[in-house]
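# Analysis of the macromolecular model
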Amino acid sequence: MKYPANRSYVLWLCLLLTLGALTIQARYGVPLRWVQQPAPPVPASAPVAQPTHPARSAKPVLAAAPVQSGGTYNITPSVIAGGGARSSGGSNVAEGTLGQGLTGQSSGGTYALEGGFWPGAGVQGQAPTFIPAAALSRQQGSPAGAAVTVGTVSDQQVPAGNLTVTQIAGGTATGINVTNIVNTNGTITAQISAACGATAGTIRFQVSNGSLTGTGDLPINVTANTPPTLTYANASVNTGGVTTVNPATGPSDNGTLNSIALQSQGTYTGTISVNNATGVVSISNAAPVGTHTITTRATDNCGALTDTSFMLTINAGCPAITVNPVTLSSGTAGVVYQQMLTQTGGVGQINWSISAGNLPPGWSLNAATGQLGGLAVIIGVYNFTARATDTNSCQGTRTYTVQIKPKAKADFDGDGKTDLSIFSPTAAPPFPNWSVINSGNNATVTQQWGAGYAPYFDDIVPGDYDGDGKADHAIWRGADSLWYIRRSSDGQPFVQLWGANYAPYFDIPTPGDYDGDGKTDIGVFRRSGTWFVRRSSDGQNMIVTHGQQDDIPVPADYDGDGKTDLAIFRPGAIAPAPNWIILNSSTNTITSIQWGAGYAPYFDTPVPADYDGDGKADLAIWRGADSIWYIRKSSDGQAILQFWGANYAPYFDIPTPGDYDGDGKADIAVWRRSGTWFVKRSTDGSFLIQNQGQSGDVPVPAFGVR
């Protein structure tokens, strides 16, 4: 700054430093003067180094930071001892003398500076500032919600984003909670909530640069807590009936709901309850006839209450509603089940539902029509209660028990029972070569399909290929790799190229429901150990290596998931080596078990089937030499031994296990080559002995027994 020559300006640097009883005053252009007594001389042994003259600065600075003219700054003793003050013009103020005699004295004091700068390292500048945002509003008892801007901060020495901000005491508001304070480049955000008893005022924030602090007060407006919102519309129900009353509005609150409870049920004497969270009122055993006032009470986190009432009208008694039929027939795994439920009594549209228990997997109940059923593939016994509800909420129920049984082998009439049936290989057209005694009506049905004589040598492969619950007549002509299937659903033929019964393959036909869609899939086992399956569900091919030369394929549902599992019986495996090796379709894991012996002198024949009715095929062999069946139950691993049939001269029986009595369990059975069936029923242990066929015929239920 330049000054006119004809005017005199005096730059005063007022230094008020209290050191005990000592006060120093300095004025520009005037030698330093002690107010009380001269300072003691500095010992010669400890000279004080004189500071170098700082370069002239066009802009006043203080410790390398800009200085506001007339500002007030705190100076430490070390700074005073290290140099003097300068004016903005560059001349020294008390140059070289300000620090002398002050070393070791009491702490620094407060100095008023007009321009100039202090060169020492310990100089502290102006305090940081906190500028509060506009007033915020909060409601008593409400949660904090999202973070909001509470102010901005700045400082001349430290970047704004590096300043530390805290909430401190000193504000006038009460019950205000401040959390999650964040400084983003000088913009300060926080989450603010008001307690139930909060009052309006200010909350104080402090900003710090590490040396100095500043404060600012943010105004907070507080509105009163409001009680919960909850209302109901009037409702009606017939006497003895059941209904629920949902809130018309709410429940809601600016804070949180602590409880919803029944406050009064007036003259109502039936059963009533209120869901503590949703406010839904449940009515049952409605009584007495008339109109009743029901009152509920909602309480929030601040203790505010809302009592709301609705009128419940109970009409005269419900008519009797009877659900039909009285019982349900058994279902078959893999076969679509359909049954229409009906009712007598009730008013208006009937709504159907399952009020207890569980339907078989794959079944459903149509709420509008009462149509019950579906496709179940998991066998078992299922208990459930069907409920019919009319427009007045009057109800009728019936409890059912239904059994889903496995699909019976060779069930040509679809009654869930294995039919006695034979195939005559030598019968040529027009003579029939299939003869079936339907278990449903004991009638004999014949059919010509395929040829078991040269040059065809067809193999019978009966199965439910069209998924209608009935076995289809089917043969595999391995010489030309063709499957000929006569569908029972419409009598139409289906022809499919699959497998080969010539050198070097000599495939073994192994149809089964490998994809669990209720339809038999075409499949073969190649003697080298590879399975080839054509899935009926999507027409895709499944090729899996499982087994080796000389193994016997024994596909069945061993894990009870409704799908045929790839499995082999290894005749040459000697205990303790496993001879049953099963690839479980449900887990894609291998189960290996030793059961029976396929080598001399036993020559056991594998006869897997579900003998215990648990929905899983049991490991079983027939030791024909001693006429004993050895069955390992899948339900508990226990063994069943049964004497039945004879595989020695002159009988040479053929094992034909199947569910001949329709109880969901495989029955032990043989067909004697002279043309006689011997069946031991699992239902009551009684015998079925029936003549059918003659020597040279093939018993159809024996398919798959090798």
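Residues numbered from 1 in each chain as written. Predicted model: local features only at pLDDT ≥ 70, side-chain atom pairs only at ≥ 80, totals over all residues. Heavy atoms only, no water.

### Thoughts on the packing of aromatic side chains
Evaluated as defined, the whole model comprises 17 aromatic pairs. Geometrically, the ring pair formed by Tyr337 and Trp363 is stacked, given 4.3 Å between the ring centres and 25° between the ring planes. You can see Tyr337 sitting in strand β29 (residues 335-340) and its partner Trp363 sitting in strand β32 (residues 363-365), a full 26 residues away along the chain. Of the two residues, Tyr337 and Trp363, neither departs from the other in class, the shared state being buried. By way of ring pairs, the aromatic residues Phe412, Phe423 and Trp434 are connected into one cluster. (Phe/Tyr/Trp six-rings, centres within 6.5 Å; stacked < 30°, edge-to-face > 60°. Helix = DSSP H or I, 4+ residues; strand = E, 2+ residues; numbered from the N terminus. Buried < 20%, exposed > 50% of the residue type's maximum accessible area, 1.4 Å probe, protein only.)

### Side note on the side chain of Asp517
Counting through the fold element by element, Asp517 comes out in the loop between β43 (508-509) and β44 (522-526). Buried within the structure, Asp517 lacks any salt-bridge partner; Lys519 is the closest side chain of opposite charge, at an N-O distance of 5.4 Å. If sequence neighbours within four positions are ignored, Asp517 has contacts with Leu375, Ser536 and Ser537. (Lys, Arg positive; Asp, Glu negative; His and termini not counted. Salt bridge = Lys/Arg side-chain N within 4 Å of Asp/Glu carboxyl O. Contact = heavy atoms within 4.5 Å.)

### So, the sheet that holds strand β48 (residues 566-569)
Strands sit in the order β47-β48-β49-β50 across an open sheet of 4 strands; the sheet is antiparallel. Whereas interior strands pair on both sides, the edge strands pair on one side only; in this sheet they are β47 (552-553) and β50 (590-593). Relative to strand β49 (residues 580-583), β48 is paired through 4 bridges, and the arrangement is antiparallel. Bridge pairing in β49 places Ala567 opposite Ile582. (Pairing = 2+ DSSP bridges.)

### Some remarks on the pattern of salt bridges
Applying the stated criterion to the full structure yields 11 salt bridges. Between Arg535 and Asp538 there is a salt bridge, with the nearest N and O atoms lying 3.2 Å from each other.

### What about the pairing of strand β56 (residues 668-672)?
Judged by how many residues are buried, β56 sits mostly within the fold: 5 of 5 residues are covered. Neither face of β56 is exposed, since Ile668, Val670 and Arg672 on one face and Ala669 and Trp671 on the opposite face are all buried. Two elements, strand β55 (residues 654-655) and β56, share 2 bridges in a ladder whose sense is antiparallel. Counted as the bridge partner of Ile654 is Trp671 from β56. Taken together, the 5 bridges between β56 and strand β57 (residues 676-680) define a ladder with antiparallel strand orientation. What sits directly across from Ile668, in β57, is Lys680. Two successive antiparallel strands, β56 and β57, enclose a turn made up of 3 residues, where Gly675 displays a positive phi of approximately 110°.

### A word on unusual backbone geometry
Negative phi characterises most residues that are not glycine, and trans characterises most peptide bonds. In this structure, Pro325 follows Asn324 across a cis peptide bond, with omega equal to 5°. Among the secondary structure elements, Pro325 is positioned in the loop between β27 (322-324) and β28 (331-332). With an omega of 10°, the peptide bond running from Ala575 to Pro576 counts as cis. Of note, Pro576 is situated in the loop between β48 and β49. Even without being glycine, Phe506 reaches a positive phi, approximately 50°. By the secondary structure assignment, Phe506 is in the loop between β42 (493-497) and β43. Among the residues examined, Phe506 registers a relative accessible area of 39% and is labelled partly exposed.

### Some details on the sheet that holds β55
Pairing within the open sheet is antiparallel, and its 4 strands lie in the order β55-β56-β57-β58. The outermost strands of the open sheet, each flanked by one partner alone, are β55 and β58 (687-691).

### Considering the environment of Ile422
Considering the arrangement of structural elements, one finds Ile422 in strand β36 (residues 420-423). Residue classification places Ile422 among the buried residues on the basis of a relative accessible area of 5%. In this structure, the C-alpha to C-alpha distance between Ile422 and Trp434, residues 12 residues apart in sequence, is 5.9 Å. Ignoring sequence-local partners within four residues, the contact set of Ile422 consists of Asn433, Trp434, Ser435, Trp671, Trp677, Gln692, Gly693, Asp697, Val698, Pro699 and Val700.

### Considerations on the layout of surface pockets
Of the pockets and cavities examined, the largest pocket occupies roughly 490 Å³. Residue assignment for the lining of the largest pocket shows that the elements contributing at least two residues are β39 (459-460), β43, β55 and β59 (698-699). Split by residue class, the lining of the largest pocket holds 13 nonpolar, 4 polar and 6 charged. (1 Å grid on protein atoms, 1.4 Å probe; cavity = no way out; pocket = protein on both sides within 12 Å on 5 of 7 lines; lining within 4 Å. Points joined across faces, edges and corners; volume = space filled by probe spheres on them. Nonpolar A, V, L, I, M, F, W, Y, C, P; charged D, E, K, R; others polar.)

### What about the confidence of the model for the chain?
Mean pLDDT over the chain: 84, with 82% of residues reaching 70 or higher. The low-confidence segment residues 1-124 (pLDDT under 50) makes 185 contacts with residues lying over four places distant or belonging to another chain. (pLDDT = per-residue confidence, 0-100.)

### Some details on the state of the cysteines
Here the structure, examined in full by the defined rule, presents 1 disulfide. Each sulfur in the disulfide pair Cys196 and Cys302 lies 2.0 Å from the other. Disulfide Cys196-Cys302: the torsion about the S-S bond is -85°, which places it as left-handed. On the criterion of sequence distance, the pair formed by Cys196 in strand β15 (residues 187-199) and Cys302 in the loop between β25 (290-300) and β26 (305-315) is long-range, its members being 106 residues apart. In this structure Cys302 comes out as partly exposed when scored by relative accessible area, which is 24%. (Disulfide = S-S within 2.5 Å.)

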